[in-house]
Amino acid sequence: MKRGLLILMLFLVNYTIMAQKKELTADEKQVILHKATERPFTGKYYDFKAKGTYVCKQCGAPLYRSEDKFDSRCGWPSFDDEIKGAVKRVPDADGRRTEIVCARCGAHLGHVFTGEGFTSKNTRHCVNSISMEFVPADELKVDTAVFAGGCFWGVEYYMKKAPGVLAVESGYTGGTVEDPSYEEVCEGGTGHVEAVRVLFDKSKTDYETLAKLFFELHDPTQLNRQGPDYGEQYRSEIFYNSPEQKAIAEKLIRQLKEKGYDVVTKLAPASVFWVAEDYHQNYYGRKGTLPYCHGYTKRFD
């Protein structure tokens, strides 16, 4: 699974666990709050191989994915990577080791070791089972949509406000250059477009609702531009993940054309989505300003 998609999926994991959060037991408090260590080979996730996501027992924040778990035979669950930004490293009180805690709530997880050579990442997160909960992959009732409609800042801003949307991520897709930078995309020649990937709860919204919003938050009649922004990277395009998504997009385009709109929006199958640099994520939310080239215009009945 690509890093960006994983990050989006895990927002829902957090959403689900937080809704079911329970008080810590005495044993959980001993480890999570007072930094004790459970006995080796006794944790429920030590010899556990199901596919899914491990989250913080205390706050529900996503911590590790099953793909990064490996058997180090140390007696505790071992991971060679964490979800980006989920785990904080701090010097241990013993002055020798490095403690790992949940970056959100500070819950004690265990310790991290490097240079042991267990995997190619040369890292071992040694985690107490009691500090975590597990969410099976098949319990996630979510879907994704990928839209490009000019500067991704504005599209992200409006998509995030839609009911049922769990997370939105800005990035680049549709081109041929691997892992492009913002500067490379702006210079042209990569074929990539500024786009957003939307994670949504299928029990609260659907793809057609979000696709309609996409056509109403930008001008689908502008070719290779949106407002004052010019260039192929600002083209209007939908990247569908299934035949059903493609059919819905085609239907909406037909409806708009019947209303007299000269729609130039392209359709293409979803391909690799390269996550944009951190400073592009939640841009307007962090800046506290409003989009300069996007606005809502009702186009459907």
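Before reading on, note that the structure itself is shown above.
Owing to the predicted nature of the structure, the values given are computational and were not obtained by experimental measurement.

Calculation criteria
- Residues numbered from 1 in each chain as written.
- Predicted model: local features only at pLDDT ≥ 70, side-chain atom pairs only at ≥ 80, totals over all residues.
- Heavy atoms only, no water.
- Helix = DSSP H or I, 4+ residues; strand = E, 2+ residues; numbered from the N terminus.
- Polar contact = N/O pair within 3.5 Å; in protein donor to acceptor, adjacent residues only side chain to side chain.
- Contact = heavy atoms within 4.5 Å.
- Expected span 1.5 Å × (residues − 1).
- Buried < 20%, exposed > 50% of the residue type's maximum accessible area, 1.4 Å probe, protein only.
- Arc of directions from axis to C-beta.
- Salt bridge = Lys/Arg side-chain N within 4 Å of Asp/Glu carboxyl O.
- Pairing = 2+ DSSP bridges.
- Right-handed = clockwise from strand over helix to strand, strands pointing away.

Caption draft 1: The side chain of H218, seen in detail. Inspection of the secondary structure assignment puts H218 in the loop between α5 (207-217) and β13 (225-226). Within the structure, the side chain of H218 is placed 2.6 Å from the backbone oxygen of F214, a separation counted as a polar contact. A distance of 2.8 Å separates polar atoms of two side chains, one belonging to H218 and the other to S236. Excluding its chain neighbours within four sequence positions, the residues that come into contact with H218 are G149, Q226, S236, T265, H294, G295 and R299.

Caption draft 2: Seen up close, helix α6 (residues 243-258). With 16 residues, α6 should reach 22 Å at 1.5 Å per residue; the first-to-last C-alpha distance of 23 Å fits that figure. Taken together, the buried positions of α6 are Q245, A249, L252, I253 and L256. Along the axis of α6, the buried residues cluster in a sector spanning 100°; they form a single face. Residues of α6 that are exposed and point over 90 degrees away from its buried face: P243, E244 and E258. The elements touched by buried residues of α6 are β10 (142-149), α5, β15 (236-240) and β16 (266-269). Just beyond α6, the residue with positive phi is G260, at close to 100°.

Caption draft 3: Summary view of the pattern of salt bridges. Overall, the coordinates contain 17 salt bridges when judged by the stated rule. Of the charged contacts, one joins D81 and K121 as a salt bridge, the two residues approaching to 2.9 Å between their closest N and O atoms. Here the residue D81 occupies a position in the loop between β4 (78-79) and β5 (87-91), and K121 occupies one in the loop between β7 (108-114) and β8 (123-127), the gap between them amounting to 40 residues. A relative accessible area of 26% means that D81 is categorised as partly exposed. By relative accessible area, K121 is classed as partly exposed at 38%. Salt-bridge contacts for R96 lead to D94; the nearest nitrogen and oxygen are separated by 3.7 Å. When its relative accessible area of 67% is taken as the criterion, R96 is described as exposed.

Caption draft 4: Examining the pairing of β16 more closely. Note that β15 and β16 share 4 bridges and pair parallel. Considered in β16, the bridge of E237 is made with K266. One crossover worth recording links β15 to the parallel β16 by way of α6, and it is right-handed.

Caption draft 5: Geometry of the environment of E187. Considering the arrangement of structural elements, one finds E187 in helix α4 (residues 182-187). Between the C-alpha atoms of E187 and W153, which are 34 residues apart in sequence, the distance is 18 Å.

Caption draft 6: Looking closely at the sheet that holds strand β6 (residues 98-102). With antiparallel pairing, the 6 strands of this open sheet are ordered in space as β3-β4-β8-β7-β6-β5. Only two strands of the sheet have a single partner each, and these edge strands are β3 (69-70) and β5.

Caption draft 7: Structural detail: the pairing of strand β12 (residues 193-201). Across the 9 residues of β12, 9 count as buried, placing the element largely inside the fold. Of the two faces of β12, both are covered, the one formed by V193, A195, R197, L199 and D201 as well as the one formed by E194, V196, V198 and F200. Bridging between strand β11 (residues 165-173) and β12 involves 8 bridges; their strand directions are antiparallel. Residue pairing in the sheet places S170 in a bridge with V196 of β12.

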